[in-house]
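Per-entry structural report
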Amino acid sequence: MSRAKRTLTTLVGFLTLLLVSAWTAPDRLTDFLALEKIDAHLHIRYNGAEFLDQAAADHFKAILIVVDHGDVPEQLKFIDRQKQLFPDSFRFVTSFPVDRWNEPTWEQETLKLLDDSFKKGAVGVKVWKNIGMELRDKDGRFVMIDNPRFDPVFDLIEKRGKTLTGHIGEPRDCWLPLDKMVSESNRRYYKAHPEYHMYLHPDFPTYDAQIASVEHMLEKHPKLRYVGCHVASIEWNLEKLAKFLDRFPNVAVDLAARIDDLQLLDRDAVRECFIKYQDRLLYATDIEIEEGQNPQTVCNRLHTRWTDEWKYFSTDQAVTISGTEKKVQGLALPADVLRKIYQTNAKKWYPGI
Ligand SMILES: [Zn+2]
């Protein structure tokens, strides 16, 4: 091909791309790729490179969260391996086990474990719903998140400038019978996990007790930076969420696995809330990547979730709620709000990423 012909081909290609971009503009998928985004809540028990490759293709970086499922050291090893492959594609939030809670050395062991993790670059520490729903003291009483034995741990997190990341409690659906739940995905989850379906365990702490324990913990640690996972388990009521955020200025929430709950609320009220609290919301999915899963399936799942949810936040088109056939109108958030939710808030609430 002659040089002139080649230039012409390139030019035609470029113009076609421009035209296609203009046509697909309502999707704003061009913006999707233009914006460097952060998924602030992913889990990994996997050594392969595929999923962070997919993240790079979709212009996502990740916050990988270790969670106390009884395998904290193994999860930290997976994180180390990913760090060798992708030193700059993600940061991680560490965790600590509570299975030795009733041992006198638990506090010392925990503080040491956390300091080791901070030296390796952890930007935060995750606490999970086993606190408040499983863990019991020597007398058989439930240990809640405001238990004084956690105070030195939270003091250390604050002193080191790290963030406490809390999945405490559950969606309110958890305390309702299956047929009264508002969210399909909650119904599926509690059907599969009756051990966490609190409606079946009336002797366990109530929803209000869970929220009150978080509030009491935050009152005791007013300078601690806290990211409440899953909309801090207040996904069902925007007024309550607003009150919570107003009362605790050091708190942000991630949207992980609760976007379908939010889609069930009044669309204009959600939009208003997102604009009002635009500095306090972090985009996140809570997708788990594990050994044994087909890597291509996981990558497809990530890509679909990321692009579908982008469409919900960035356009006013009809979007299908995951797991149901219901359609809802997208929020069409302004570009500067999208940038905060998808990028700058994660940097602000997890300094060091
Ligand atoms: Zn999670």
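For the structure itself, consult the block above.
What counts, and where the lines are drawn
- Residues numbered from 1 in each chain as written.
- Predicted model: local features only at pLDDT ≥ 70, side-chain atom pairs only at ≥ 80, totals over all residues.
- Heavy atoms only, no water.
- Helix = DSSP H or I, 4+ residues; strand = E, 2+ residues; numbered from the N terminus.
- Rg over C-alpha atoms; globule rule 2.2 N^0.38 Å.
- Buried < 20%, exposed > 50% of the residue type's maximum accessible area, 1.4 Å probe, protein only.
- Areas by Shrake-Rupley, 256 points an atom, 1.4 Å probe, with all protein chains shown as cover.
- Lys, Arg positive; Asp, Glu negative; His and termini not counted.
- Charge placed at Lys NZ, Arg CZ, Asp CG, Glu CD.
- Donors = N, O, S within 2.8 Å, 3.2 Å for Na, K, Ca; no water.
- Arc of directions from axis to C-beta.
- Contact = heavy atoms within 4.5 Å.
- Phe/Tyr/Trp six-rings, centres within 6.5 Å; stacked < 30°, edge-to-face > 60°.
- Lys NZ or Arg CZ within 6 Å of the ring centre and 35° of its normal.
- Salt bridge = Lys/Arg side-chain N within 4 Å of Asp/Glu carboxyl O.
- Pairing = 2+ DSSP bridges.
- Axes fitted to C-alpha atoms, helices over the stretch in contact; angles between N-to-C directions.

Another aspect to go through is the overall build of the protein chain. When you go through the protein chain residue by residue, the secondary structure sums to 15 helices and 11 strands. Radius of gyration (C-alpha) of the protein chain: 22 Å, near the 20 Å computed for a compact globule of 353 residues. Judged by the C-alpha coordinates and their principal axes, the protein chain covers about 85 × 45 × 40 Å. Relative to its 353 residues, the protein chain shows a buried fraction of 50%. Carbon and sulfur atoms make up 55% of the accessible area of the protein chain, which amounts to about 16500 Å² in all. Mean positive and mean negative side-chain charge positions of the protein chain (49 and 53 charges, respectively) differ by 5 Å.

Listed as protein donors to the zinc ion are His-41 (NE2), His-43 (NE2) and Asp-286 (OD); their distances from the metal cover 2.1 to 2.2 Å. Sequence positions of the donors to the zinc ion reduce to the motif H-x1-H-x242-D.

Once that is clear, we can look at helix α11 (residues 238-247). Of all the positions in α11, only Leu-238, Leu-241, Ala-242, Phe-244 and Leu-245 are classed as buried. Around the axis of α11, the buried residues are gathered within 160° of arc, so they sit on the same side. In α11, the exposed positions that point more than 90 degrees away from the buried face belong to Glu-239 and Lys-243. Buried residues belonging to α11 abut α9 (207-220), α10 (229-232), β7 (251-254), α12 (259-263) and α13 (267-276).

This part covers the packing of aromatic side chains. Each pair of aromatic rings is reported with the distance of its centres and the angle of its planes. Enumeration according to the criterion identifies 23 aromatic pairs in this entry. Relative to Tyr-342, the ring of Phe-313 lies with its centre 6.2 Å away and its plane at 80°, an arrangement referred to as edge-to-face. One end of the pair, Phe-313, is in helix α14 (residues 295-314); the other, Tyr-342, is in helix α15 (residues 335-349), and 29 residues separate them in sequence. Here Phe-313 matches Tyr-342 in class, with each residue buried. One aromatic cluster is present, formed by Phe-32, Phe-60, Phe-274, Tyr-283, Trp-306, Trp-310, Tyr-312, Phe-313 and Tyr-342 through successive ring pairs. Here the basic side chain of Lys-37 rests over the ring of Phe-60, its NZ or CZ set 5.0 Å away from the ring centre. The ring of Phe-142 carries the charged tip of Arg-136 above its face, separated from the ring centre by 4.0 Å.

Moving on to the pattern of salt bridges. What the rule picks out here adds up to 16 salt bridges. Taking the shortest distance from any N to any O, the salt bridge between Arg-247 and Glu-219 comes out at 2.2 Å. Within this pair, whereas Arg-247 is found in helix α11, its partner Glu-219 is found in helix α9, the two being separated by 28 residues in sequence. It is possible to trace a salt-bridge network through shared partners that takes in Arg-45, Asp-71 and Glu-290.

Here we have nine strands laid out as an open sheet, ordered β8-β7-β6-β5-β4-β3-β2-β1-β9, and parallel in their pairing. Two strands bound the open sheet, and with one partner strand each, they are β8 (281-282) and β9 (287-290). Relative to strand β5 (residues 163-166), strand β4 (residues 124-127) runs parallel, the two sharing four bridges. Among the inter-strand pairings, Val-125 is bridged to a residue of β5, identified as Leu-164. Against the sheet, α14 makes contact with β1 (37-45), β2 (60-65) and β9, and its axis sits at roughly 165° relative to β9, the strand it touches most.

In this section: helix α8 (residues 184-192). Taken residue by residue, α8 has Ser-185, Asn-186 and Tyr-190 as its buried positions. In a view along the axis of α8, the buried residues occupy a sector of 125°, so they form one face of it. Residues of α8 that are exposed and angled more than 90 degrees away from the buried face: Lys-191 and Ala-192. Those residues of α8 hidden inside the fold are in contact with α12.

Below, the discussion takes up the pairing of β7. Where burial is concerned, the two faces of β7 agree: the one with Val-251 and Val-253 and the one with Ala-252 and Asp-254 are both buried. Pairing between strand β6 (residues 225-228) and β7: three bridges, direction parallel. Each residue of the ladder has a partner; that of Val-227, found in β7, is Ala-252. One ladder, built from two bridges, connects β7 with β8; its direction is parallel. Counterpart to Val-253 in the pairing with β8 is Leu-281.

Okay, the side chain of Lys-126 next. Relative to the elements of secondary structure, Lys-126 occurs in strand β4. Here Lys-126 is buried and forms no salt bridge, its nearest opposite-charge partner Asp-286 lying at an N-O distance of 5.7 Å. Non-local contacts of Lys-126, meaning those with residues more than four positions away in its chain, are made with His-41, His-43, Ile-65, Val-66, Val-67, Val-93, Thr-94, Ser-95, Thr-165, His-167 and Cys-229.

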